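What follows is the residue order along each chain.
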Amino acid sequence: MNNNQIKYKSSSKLEIFEDKFNNEIVNHTNNIITFKKDLTVIPVSAFAFSTCIEEIELPDSITKIDIEAFCATRKLKTVKLGNNIEELAYRAFHDCHALESIVLPESIRIIKEDAFDSCVNLKTINIPGNAINLGISIFSSCFKLGATDKALIKLHEYNPTL
């Protein structure tokens with residue numbers, strides 16, 4: 001995949017609001033969105049409230065997923081993050097009910113408040129030791145996340161060296 005593309009799987013046609021991407025979209029066919037230049041940020045609310053995205057693959061050029069970028073994308077089950085993501089902003093994946101697991105790359109440094117709040121089916125997540133800035137309530141209402149995972153996350157919030 002090129003650094004100027006996002007791949008996705010969808011249950012129906014995905015409506016993209018080009019203004020969210022500063023009208024940088026060149027092409028949108030065959031479940032690939034192609035942009036004029038390499039992407040570094042998924043913008044605020046870019047895919048929020050989408051009713052059809054089931055899977056998404058982000059390029060390695062992405063370093064930040066901005067505020068509520070995937071908020072309430074309720075069918076989103078699989079996310080493949082690029083290897084250079086450094087920050088998940090406030091409520092980046094909030095209310096993604098179908099999301100079951102996510103692997104965060106070693107590059108992650110910041111996970112803001114409520115990043116995964118209300119991901120009610122989230123069962124597994126890894127937090128690399130490099131994550132040094134974890135917001136409060138990042139996993140509120142993640143009922144299927146194991147108690148051990150929550151305890152380790154809580155400890156990590158207070159002692160990032162764990």
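By convention here, each chain's residues receive numbers from 1 onward along its written sequence. The predicted nature of this model means local features are confined to residues of pLDDT at least 70 and side-chain atom pairs, given and counted, to a pLDDT of 80 or more, with totals for whole chains, interfaces and linings taken over all residues. No hydrogens and no water enter the side-chain calculation; it runs on all heavy atoms of the structure.

Trainee: Let's hear about the pairing of strand β1 (residues 5–10): which residues, and what values?
Mentor: Whether two strands pair depends on DSSP finding at least two bridges between them. Labels follow the DSSP assignment, with helices taken as runs of H or I lasting at least four residues and strands as runs of E lasting at least two, numbered in each case from the N terminus. Summarising the sheet, β1 and strand β3 (residues 32–35) pair through three bridges and their orientation is antiparallel. When the bridges of β3 are listed, K7 appears paired with I32. Across four bridges, β1 lies against strand β5 (residues 53–57) in antiparallel orientation. Considered in β5, the bridge of K7 is made with E57.

Trainee: Tell me what's going on with the packing of aromatic side chains, and back it up with residues and numbers.
Mentor: The aromatic pairing rule takes the rings of Phe, Tyr and Trp, using the six-membered ring of Trp, and pairs them if the centres are within 6.5 Å, calling planes under 30 degrees apart stacked, those over 60 edge-to-face and the rest tilted. By the definition in use, this model includes six aromatic pairs. Pairing F93 with F116 gives two aromatic rings, centres 5.5 Å apart and planes at 5°, and the pair type is stacked. You can see F93 sitting in the loop between β8 (87–88) and β9 (101–103) and its partner F116 sitting in the loop between β10 (110–111) and β11 (124–126), a full 23 residues away along the chain. Judged on exposure class, the residue F93 and its partner F116 are both buried. Ring centres of F116 and F139 lie 5.5 Å apart, and the angle between their planes is 5°; this geometry places the pair in the stacked category. Here F116 is found in the loop between β10 and β11, whereas its partner F139 is found in the loop between β12 (133–134) and α1 (147–158), with 23 residues between them in sequence. In this pair, the class of F116 matches that of F139, namely buried. Counting every residue linked through ring pairs, the aromatic cluster contains F21, F35, F47, F70, F93, F116 and F139. Note on classification: 1.4 Å probe, protein chains only; a residue is buried when its accessible area is under 20% of the maximum for its type, exposed when over 50%, partly exposed between these limits.

Trainee: Describe a nonpolar patch on the surface, and please don't skip the residues or the numbers.
Mentor: A cluster of nonpolar side chains, namely V44, I67 and Y90, defines an oily patch on the protein surface of about 220 Å² accessible area. Within the secondary structure, V44 sits in the loop between β4 (41–42) and β5. V44 gets classed as partly exposed once you look at its relative accessible area, which sits at 39%. Candidates for patches are residues over 30% relative accessible area with no salt bridge; among them, like charges are joined within 9 Å and nonpolar side chains (Val, Leu, Ile, Met, Phe, Trp, Tyr) within 5 Å. For every accessible area listed, the method is Shrake-Rupley and the probe measures 1.4 Å; residues are considered covered only by the protein chains on display. Salt bridge, as used here: a side-chain nitrogen of Lys or Arg that lies within 4 Å of a carboxyl oxygen of Asp or Glu.

Trainee: Lay out the sheet that holds β5 with the relevant residues and their values.
Mentor: Spatially, β2-β3-β1-β5-β7 is the arrangement adopted by the five strands of the open sheet, whose pairing is mixed. Each of the sheet's edge strands pairs with one partner strand only, and the pair in question is β2 (25–29) and β7 (78–80). The average undirected angle you get between the axes of adjacent strands in this sheet is 20°. To get an axis, fit a line to the C-alpha atoms, keeping to the stretch in contact for a helix; angles then go from 0 to 180 degrees between the N-to-C directions.

Trainee: Residue-level account of the environment of C96, with values.
Mentor: Note that C96 resides in the loop between β8 and β9. Note on C96: relative accessible area 0%, which makes it buried. Separated by 24 residues in sequence, C96 and V120 have C-alpha atoms that sit 7.7 Å apart. A contact between two residues is defined here by any heavy atoms of the two lying within 4.5 Å. Ignoring sequence-local partners within four residues, the contact set of C96 consists of F70, A72, T73, L76, S118 and C119.

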